[in-house]
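Structural overview
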Amino acid sequence: MALYVQKFGGTSVGSVDRIKAVAEKVKGFRDQGHQVVVVVSAMSGETNRLTDMANAINEDPAPREMDMLLSTGEQVTISLLAMALQQIGVSATSHTGAQVGIHTDSAYTKARIQRIETDDLKSDLDDGKVVVVAGFQGVDEDGNITTLGRGGSDTTGVALAAALGADECQIYTDVDGVYTTDPRVCSKAQRLESITVEEMLELASLGSKVLQIRAVEFAGKYNVPLRVLSSFEDGPGTLIVADADQDEDAMEEPLISGIAFTKNEAKLTLLNTPDVPGVASRILGPIADANIEVDMIVQNVAPAGDYTDFTFTVAKGDYKATKKLLEETVIPDLGGGELRGDDNIAKVSLVGVGMRSHAGVASKMFRVLADENVNIRMVSTSEIKISVVIDEKHMELAVNALHKAFGLDKSDIESE
């Protein structure tokens with residue numbers, strides 16, 4: 001008998017029929033004698049519907065009240081799923097985040113889990129019940145309902161698996177695993193049988209939307225076996241392991257595990273800035289104070305005492321605010337300079353732990369892009385990642401060319 005924590009997202013529970021299908025899937029595990037905790041999101045579209053209603057009343061609603069409102073979406077799903085399980089003869093009980101003892105800090109709309117009380121959960125499991133838990137939410141020390149931010153149900157699932165010492169946390173979604181890249185962009189993308197937490201973190205941070213970053217961090221920190229599966233078809237999915245050595249079937253790690261990409265980038269360049277100590281801080285300090293995250297940074301080398309160019313990227317949604325901040329605050333502080341911006345760019349990234357022991361990945365990547373006449377505007381690297389900024393119009397071309405060049409088109413990449 002094993003203990004599984006299973007998380008089903010909004011698409012998986014998007015209708016009554018789909019909720020019934022989830023109940024049947026859960027019943028299959030119970031019939032095998034396993035204990036099951038099910039974490040669910042709100043039905044697809046429900047969070048947006050609630051948000052739209054709030055904004056129709058108040059364009060700037062209080063975060064506490066938003067958490068109170070948005071948490072109701074998951075309450076609908078847990079009660080319906082518990083009813084569906086009971087209808088097919090499975091003993092089940094539903095719990096909100098507060099009822100199950102998920103304690104968070106008081107950062108409304110983006111709270112972080114501090115501890116989980118598991119006594120009641122374990123008691124229900126020992127009584128033979130399936131426990132259905134509302135994802136995305138918890139309660140602070142003052143009893144206020146809090147939410148964990150968009151995609152927080154993944155975090156709830158992994159956190160419960162860690163607290164309970166579950167054999168596996170299974171994330172059911174509308175895809176059947178983690179792919180070498182997005183199949184919608186590259187038709188030859190292949191499902192990975194396994195991938196390391198480190199690689200999954202990089203892919204998630206670089207544009208892959210299969211898992212929420214915080215959930216992967218939790219899995220790595222508490223060594224929770226994490227598996228991504230399809231809600232709509234059977235299959236082994238993709239196992240996310242803490243270390244490459246845990247993948248006993250792999251003789252040697254592939255050089256590249258996946259390619260991530262995002263169009264959610266904008267580039268800004270300050271031309272003719274003074275090349276003196278402290279300039280980078282004077283540029284980026286006000287941006288950080290405005291709670292705008294900077295991604296890639298490039299500063300050109302200039303002759304001593306001369307001027308230089310300073311380029312960086314931000315999320316596309318922060319582009320206008322950053323541009324205004326530079327024009328109204330930073331440039332006057334620097335005593336001048338010319339600002340150029342571009343929000344028609346994309347970031348394409350190669351990810352793989354195999355990079356640590358193989359040279360020449362960057363040069364091969366640059367050669368492949370050059371052969372396709374794709375110009376590289378910025379470069380950023382780490383031990384297991386190389387990212388380039390290119391024109392948005394070349395993104396799909398670049399992804400497909402790199403996918404083929406690094407051998408990811410092959411159907412047997414899992415066993416390389």
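Residues numbered from 1 in each chain as written. Predicted model: local features only at pLDDT ≥ 70, side-chain atom pairs only at ≥ 80, totals over all residues. Heavy atoms only, no water.

For the protein, the name recorded in an unreviewed UniProt entry is Aspartokinase, with Vreelandella alkaliphila as its organism. Under the UniProt heading Catalytic activity (unreviewed entry), the entry covering the protein gives this text: "L-aspartate + ATP = 4-phospho-L-aspartate + ADP". Checking UniProt for the protein, the heading Sequence similarities (unreviewed entry) contains the comment "Belongs to the aspartokinase family." (UniProt positions renumbered as here; feature names shortened; annotations may be inferred.)

1. So, the pairing of strand 6 (residues 130-134)
Burial within strand 6 is extensive, with 5 of its 5 residues counted as buried. Of the two faces of strand 6, the one lined by V130, V132 and A134 and the one lined by V131 and V133 are each fully buried. Alignment of strand 2 (residues 35-40) against strand 6, held across 4 bridges, turns out to be parallel. Each residue of the ladder has a partner; that of V39, found in strand 6, is V133. (Buried < 20%, exposed > 50% of the residue type's maximum accessible area, 1.4 Å probe, protein only. Helix = DSSP H or I, 4+ residues; strand = E, 2+ residues; numbered from the N terminus. Pairing = 2+ DSSP bridges.)

2. Structural notes on the UniProt feature "binding site: ATP" (unreviewed entry) in the protein
Listed under "binding site: ATP" (unreviewed entry) in the UniProt record, and renumbered for this structure, are K7, F8, G9, G10, T173, D174, Y179, R184, K209 and V210. The largest pairwise C-alpha distance within this set of annotated residues, which runs over 204 residues, is 24.0 Å, so the set is dispersed in three dimensions. On the secondary structure map, F8 appears in strand 1 (residues 3-8). Residue class for F8 comes out buried when judged on its relative accessible area of 0%. With sequence-adjacent residues up to four places away left out, F8 is seen in contact with V13, V22, K25, V26, V38, V39, V40, S41, Y172 and S231. Relative to the helices and strands, D174 is located in the loop between strand 9 (168-173) and strand 10 (194-196). (Contact = heavy atoms within 4.5 Å.)

3. A short note on the side chain of R191
Within the element layout of this structure, R191 appears in the loop between strand 9 and strand 10. Among buried Asp, Glu, Lys and Arg side chains, R191 stands out as unpaired, with D176 the closest opposite charge at 4.4 Å. (Lys, Arg positive; Asp, Glu negative; His and termini not counted. Salt bridge = Lys/Arg side-chain N within 4 Å of Asp/Glu carboxyl O.)

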